[in-house]
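Descriptive analysis of the structure
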Amino acid sequence: MQNLWLIPALPFLGFLINGIFGRKFSKTIVNFIAVASVVLSFGWVMKVFLTVPDLAATPVHEHYFTWIKSGEFSVGWDFAVDKLTMIMLMIVTGIGSIIHIYATGYMAHEEGYYRFFAYLNLFMFFMLNLVLAANYLILFVGWEGVGLCSYLLIGFYFIKHSATTAGNKAFIVNRIGDFGFSLAMFLIVVNFGTLNFSDVFSAAPGKPTGTLTAIALLLLLGACGKSAQLPLYVWLPDAMEGPTPVSALIHAATMVTAGVYMCTRSAAIFTHAPAAMETVAIIGLATAVFAATIGLVQNDIKKVFAYSTVSQLGYMFLGVGVGAFSAGIWHLMTHAFFKALLFLGAGSVIHACHGEQDMRHMGGLKKYAPITFWTLLAAALAIAGVPPLAGFWSKDAILAAAYQHAPWMFWVGAVTAGMTAFYVFRAMFMTFFGEYKGHGHPHESPVSMWGPLAVLAVLSVVGGYVFNVPKILESMFPIAEEPDNPMLLAVSIGVGLLGIAIAYYMYVVNTELPNRIASSLGGVYTLVYNKYFVDEIYDATVVHPMVAGSETVLWHGIDQGVIDATVNGVGSQSKSIGGVLKLLQSGNIRSYATWVVIGAVALLIVMGITAMGFAGVGQ
Amino acid sequence: MNLLDLLIALPGIGFILTLLIPRAQEKLIRTITLAFSLLTFVLSIGLITGYQTGQPGQQFVTDTVWIANPEIHWHVGIDGLSLWLIILSTFLTPIAIGISWRYIKDRTKEFFAFLLLLEFGLVGVFAAWDLFLFYVFWEVVLVPMYFLIGIWGHDRRIYAAVKFFLYTMAGSVLMLTAIIFLYNRAGTFDYAAILNGIASGRIMLSHSEETFLFLAFFIAFAIKVPLFPLHTWLPDAHVEAPSAGSLMLASVMLKMGTYGLVRFCLPMFPTAARENAPWIVILAIIGIVYGALVAMVQPNMKKLVAYSSVSHLGFVVLGIFSFTQMGLDGAVYQMLNHGISTGALFILVGFMYERRHSLAISDFGGVATAAPWLSTIFLITTLASIGLPTLNNFVGEFLVLQGTAQANFTWTIFAAIGVILSACYMLWMYQRVFFGELVDEVKHHMPDFNAREWACMIPLVIMMVWMGIYTQTFLPAITEANLKILDQSKSNAPLRVSLPGYRAGSAGAAAGGNAHAR
């Protein structure tokens, strides 16, 4: 018994303590409880890792109690750890610990400090539940739970209307995805009789392709919601209303990758549904390009990284879709390192500029915040795919697999990689180079903030090479033998460097150029700058008609106009009967009672006659 | 006299006793009624501990002749289905008294007495195994609720009370007709005797007779549920009723309808039930989506919660008429869940009305700043209501939709839309009421919970979590009872085989029947 339950239970305890008593605690105590609970959880993960001899041969499986049992269907509160889960556990608790520490510095001056950490701990609880789950339903518990925490933390500044609206949007759009996820579960139970991973996956090869495709596509809908893929990505950019540590932990490193994890976990279903796999690859690739183009022109530093996250998640789905599951998880991990770093660095930049998020009002920060600059540079190089940094390895693995699957996918992916390098370095140059254009005096962040940045910078540099995920997961996902193709390598490195070079030229050398390009592109620029007006289109075609239709047609029309009008008609009829009876009785209530009795007697008589009639028919 | 008799008698005794107290003694009246309801609840725990899962048939049975001619029995007992609904009634009555403690200032004596009378009727209705006795309790429940709305309600209380009364009486009379028809045929009001008689063929019902009887019962219950399009009494009744009335109405009284569907419509008239299931299921699904959409545009909090009830109860009806074990288990579980979480919502909205004297969403804003604990508990209740896993409603919705998927996956797709919409209407309301800038009118009139309010809410929150995580406390008895009802609902097999298949096209009649046996 490894007592896996302790891993989520520790942060949950932190949530309870801070949530109930935190208001009365000093910040030091709140910090201690919040950070310690997550660090201890990380410690327990390491303990499991070190004490289980061979996760590939003997995955750990623990059953705690029966959750739901009805007829032959039964689902337990079960946790399991194999190598895939172990990687996820390390990412979640490891990055989680780092970001908790960072947040103690970043949130030091905020109202509702204890509330923030309570939510963050609760998030850890649900996220760990998600990755530890041994069946779809427990995974779904974590899945919806992290969505709740995301909602709470996006809307953390609940006085701000835009923040709470963004929180609602995140929850509701995710609900649309979860609609797909739950339908997938229902289909699984109908066809497999169980939701346990091991039973479902061992039986999957024997099921008809049509069934598996339907299940896989519905799961994909769920993943599109949680991992912000087309067409459900719209909530993630708005989610940046939340405090920056939240953007780093939930909306970059962990929660949004849950969809990738879930699809990888369900590999046994997906691999037997080729059409669904192709859909995954295409949605992933389309999202990668689409979001990258929007990222090119954003001026809010967090928005740039938000669209970048959407785009990078698309990359992971591309990996999954072309069958390179372990490459997808590899990119999930390296992305967790460098994107968490980008967001935390952005937080440090915002902190340095007294809350300013518009990059046009930054610049020259290299001088004022050197540690932030150098650590962010590591992240930027990593995401741009410059060897031998972390992002290079995983991105290259995905692109190589894409080439094997379909060369055009490789080329589209490579162009996206170039755009990625461009927009990240555009952000770097706009914030750290040139002259400072903001107000006040920018300053470096405290050690509680730059310490975590340094750790993540190291991981962004060496993390891809040191943690070779495809090798680790080889027992689960055999590595395909691929011919060495130096051309692919050259292209994927080349586009990254080219992107950096163009950004350098446009934002350091010839800073007038961007505006001239923007004005010469005219309509296209407006379209992209406004994110293709997707939010507006959704509003006009879905949200508005639904609300207006419910109000005028359903409520005023059917409910009041048709049903109630009919009932009131009957009511006034009976009232006139009551009026006659009122002559005999004193009170209104009694007159109704009398009416009822008379009615009942009348009906009894009628019924007696019909009963005889029926009896006659019956015999 | 066994424990169950005592549980029915106690609120009745309390009711009479309260009426004997001089009306000036308001404190004594409140204390006595609370004591009676608490005592009833504490004793009712004995039903849980004494209930033997795995033992077939009714338990805690008393069966004596009440009226000799026509022979009407005092026949009460419980199975896994009635057990938890009785507990729900005894659990919520003290809370209903607690939330009315300060709010009711006018005719205190009658108000609290009526709450006990209501409990008397509710416990009785779920315990009765004699059709006439059932009908008597069914009507007993109607009376106090009518007065609760009509006397202590808001401005349009008379309209609402009359509408409520007419709607339900229309159904009741139909049911009474059917009961007497059955008595004419069977010579008894005894539930089990009639059921066995129909199943064994000793009581022969022609196809049209069975359909007529089914519809008579069904309409009575469907009004109570309420099933679309018979639901329009509900929003008015809820908006006008005092909090305790809304609580008991939503949490327990609506369950009389769904309980009746399970107890009577399915096992007594299996053929008619299965034949009519397709259109009933469609009405249930319309109710789910329609209720949610209309809830979304309500400017009044209580009305919003009322329409959400229409949506939630649609799930219950859907589960019942899926004729699957999971669907039925989910439906019964959802009856309890709805009682807890929607009941809690009505209580909370009531607390806010007492503070702000308004139910309009637009009159609020920033409550989270003024009353953080009230906001937290409201949020937990909201999350329970929209089916967040680890809280109670999720389990019920999951089982209902899963059971439906086993019967017909298309139904599930449409019904599951309701789960998306529930997040829309609840979160939009929560945002407008609790978030944003603190409005001045709210600021000065929104103290956080006092001790009495905490005492009312904590038991409910505990139940939301308990029922969401450890379902094994409740489900085994429910599953067992439903297994039997499902079995009975296909008992007159010879008759059914000769009829067109329930899932015509996909399978033959017999195969279709077998498919539902699972």
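Going by the structure above, here's the rest.
Parameters and conventions
Residues numbered from 1 in each chain as written. Chains lettered and ligands numbered in written order. Predicted model: local features only at pLDDT ≥ 70, side-chain atom pairs only at ≥ 80, totals over all residues. Helix = DSSP H or I, 4+ residues; strand = E, 2+ residues; numbered from the N terminus. Buried ≥ 20, exposed ≤ 12 C-beta atoms within 10 Å, placed from the backbone. Contact = placed C-beta atoms within 7 Å. Rg over C-alpha atoms; globule rule 2.2 N^0.38 Å. Core = buried A, V, L, I, M, F, W, Y, C linked by C-beta atoms within 7 Å. Expected span 1.5 Å × (residues − 1). Pairing = 2+ DSSP bridges.

Our next topic: the overall build of chain A. For chain A, the helix and strand inventory stands at 26 helices and 2 strands. Dimensions of chain A along its principal axes, counting C-alpha atoms only, are 100 × 60 × 55 Å. Counting over 619 residues, chain A shows a buried share of 55%. Across chain A, the fraction of contacts at a sequence separation of at least 24, relative to all contacts at a separation of at least 6, is 80%.

Time to look at the overall build of chain B. For chain B, the helix and strand inventory stands at 22 helices and 2 strands. Whereas a compact globule of 518 residues would reach a radius of gyration of roughly 24 Å, chain B reaches 22 Å, a difference of no more than 12%. The C-alpha extent of chain B, read off along each of the three principal axes, is 70 × 55 × 40 Å. Going through the 518 residues of chain B one by one, you find that 64% of them count as buried. For chain B, contacts bridging at least 24 residues in sequence account for 79% of all contacts bridging at least 6.

It is worth spelling out the environment of Asn 300 of chain B at this point. Residues and elements named next belong to chain B. Here Asn 300 shows up in the loop between helix H11 (270-296) and helix H12 (301-320). Residues Asn 300 and Leu 142, spaced 158 residues apart in sequence, show a C-alpha to C-alpha distance of 26 Å. Asn 300 has contacts with Val 239, Leu 359 and Ala 360, leaving out every residue within four places of it along the chain.

Attention now moves to the interface of chain A and chain B. The partner chain B presents 52 residues to the 50 residues of chain A that form the contact. The set of elements that each furnish at least two residues to the side of chain A that touches chain B consists of strand E1 (60-70), helix H5 (136-154), helix H6 (161-192), helix H25 (534-582) and helix H26 (588-618) of chain A. It is H6 of chain A that contributes the most residues to the side of chain A that touches chain B, 13 residues altogether.

With that settled, the discussion passes to the nonpolar core. When a protein is soluble and globular, its nonpolar side chains tend to lie buried together. Ala 340 of chain A together with Phe 217 and Cys 265 of chain B are the most contacted members of the largest nonpolar core, which totals 431 residues. What Cys 265 of chain B contacts, discounting residues up to four positions off in sequence, is Phe 214, Phe 217, Phe 218, Phe 221, Gly 260 and Ala 273 of chain B.

Its 21 residues place the ends of helix H14 (residues 301-321) of chain A 30 Å apart at the C-alpha level, agreeing with the 30 Å of an ideal helix rising 1.5 Å per residue. For H14 of chain A, a buried count of 21 out of 21 residues is recorded, marking the element as mostly surrounded by other parts of the structure.

Turning to the pairing of E1 of chain A, a few remarks are in order. All names here are of chain A. In this sheet, strand E2 (residues 73-81) lies alongside E1 in antiparallel orientation, the contact comprising 9 bridges. Bridged to His 63 within E2 is Asp 78. With antiparallel pairing between neighbouring strands as the criterion, E1 and E2 make up a hairpin whose turn holds 2 residues, including Gly 71 at a positive phi of roughly 60 degrees.

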